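Given next are the chains, with one letter for each unit.
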Amino acid sequence: MDPDWIEHRRSDDRERVGWMKPVDDGFVAIDLLGRPRTDVVDWFLAEQTLDALGIGYLADPYELRLDSGDWLRVRIAEVSTSGIRVKKDDWGDMTAPQVYFDVPFPAPDGELRPL
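Keep in mind that this is a model prediction, so the values were computed, not measured. (Residues numbered from 1 in each chain as written. Predicted model: local features only at pLDDT ≥ 70, side-chain atom pairs only at ≥ 80, totals over all residues. Heavy atoms only, no water.)

Asks: I would appreciate a short explanation of the sheet that holds strand S3 (residues 26-30) in the present structure.
Replies: One key point about sheets: their strands pair by backbone hydrogen bonds, in either a parallel or an antiparallel sense. Taken in spatial order, the three strands line up as S1-S2-S3 in an open sheet, and their pairing is antiparallel. Edge positions in the sheet fall to strand S1 (6-9) and S3, since each has one partner strand and no second. With strand direction ignored, the average angle separating the axes of adjacent strands in the sheet is 35°. Here S1 runs beside strand S2 (residues 16-23); their pairing, made up of four bridges, is antiparallel. Bridging from a neighbouring strand, Glu7 pairs with Trp19 of S2. The sheet contacts of helix H1 (residues 43-53) involve S1, S2 and S3, and relative to S2 the element is tilted by about 155°. (Pairing = 2+ DSSP bridges. Helix = DSSP H or I, 4+ residues; strand = E, 2+ residues; numbered from the N terminus. Axes fitted to C-alpha atoms, helices over the stretch in contact; angles between N-to-C directions. Contact = heavy atoms within 4.5 Å.)

Asks: Before we go on, may I ask you to explain the sheet that holds strand S7 (residues 100-103) in this structure?
Replies: The five strands lie next to each other as S7-S6-S5-S4-S8, forming an open sheet whose pairing is antiparallel. Of all the strands in the sheet, the pair left with one neighbour each is S7 and strand S8 (112-114). Taking each pair of neighbouring strands and ignoring which way they run, the sheet shows an average axis angle of 40°. With four bridges joining them, strand S4 (residues 62-65) and strand S5 (residues 71-80) adopt antiparallel strand pairing.

Asks: What is the right way to read the layout of surface pockets from this model?
Replies: Empty space among the atoms becomes visible once a probe the size of a water molecule is rolled across them. If you add up the space inside the largest pocket, you get close to 160 Å³. Contributing to the lining of the largest pocket are Glu15, Arg16, Trp19, Leu32, Ile55, Leu58, Ile76, Ala77, Glu78, Val79, Ser80 and Thr81. When contributions to the lining of the largest pocket are tallied by element, the ones reaching two or more residues are S2 and S5. In terms of residue count, the dominant contributor to the lining of the largest pocket is S5 (five residues). Tallied by class, the residues present in the lining of the largest pocket amount to seven nonpolar, two polar and three charged. (1 Å grid on protein atoms, 1.4 Å probe; cavity = no way out; pocket = protein on both sides within 12 Å on 5 of 7 lines; lining within 4 Å. Points joined across faces, edges and corners; volume = space filled by probe spheres on them. Nonpolar A, V, L, I, M, F, W, Y, C, P; charged D, E, K, R; others polar.)

Asks: Which parts of the structure should I look at to understand H1?
Replies: Helical periodicity: at 3.6 residues per turn, an α-helix aligns residues three or four positions apart in one direction. Between the side-chain oxygen of the N-cap and the backbone nitrogen of Phe44 there are 3.2 Å, and the N-cap of H1 in question is Asp42. Gly54, located one to two residues past H1, shows a positive phi value of around 60°. (Polar contact = N/O pair within 3.5 Å; in protein donor to acceptor, adjacent residues only side chain to side chain.)

Asks: Explain the side chain of Asp90 to me, please; I cannot follow it from the model alone.
Replies: Within the secondary structure, Asp90 sits in the loop between strand S6 (83-88) and S7. Assessed through its relative accessible area of 17%, Asp90 is described here as buried. Polar contacts involving the side chain of Asp90 include one to the side chain of Lys87, which spans 2.7 Å. One polar contact links the side chain of Asp90 to the main-chain amide nitrogen of Gly92, over a distance of 3.0 Å. Residues contacting Asp90, with those up to four places away along its chain left out, are Ala96 and Gln98. (Buried < 20%, exposed > 50% of the residue type's maximum accessible area, 1.4 Å probe, protein only.)

And the structure:
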């Protein structure tokens, strides 16, 4: 995480929803995966973007590019500025083995993508 990033939390429950990255005379909204969600915009629009985005997208299915080049369907298990942890999607099967993968933060382009 860039030390210049400014943390943004929702006003109602104080849940962190991302950061604002200062750029020139404006800000870029950065999501919890460390990805830009806007071009350079004013503070208010960056806040609005992150508030509207929320955290729901973290529950969506993703694909992880494996070392082999194949894509694996995964779910995000943990997110922090130290790293992102995903697990092989087991569709809720309690008997399935739990297979986890670590992805650096911010999530590299082309390695982790929404399904």
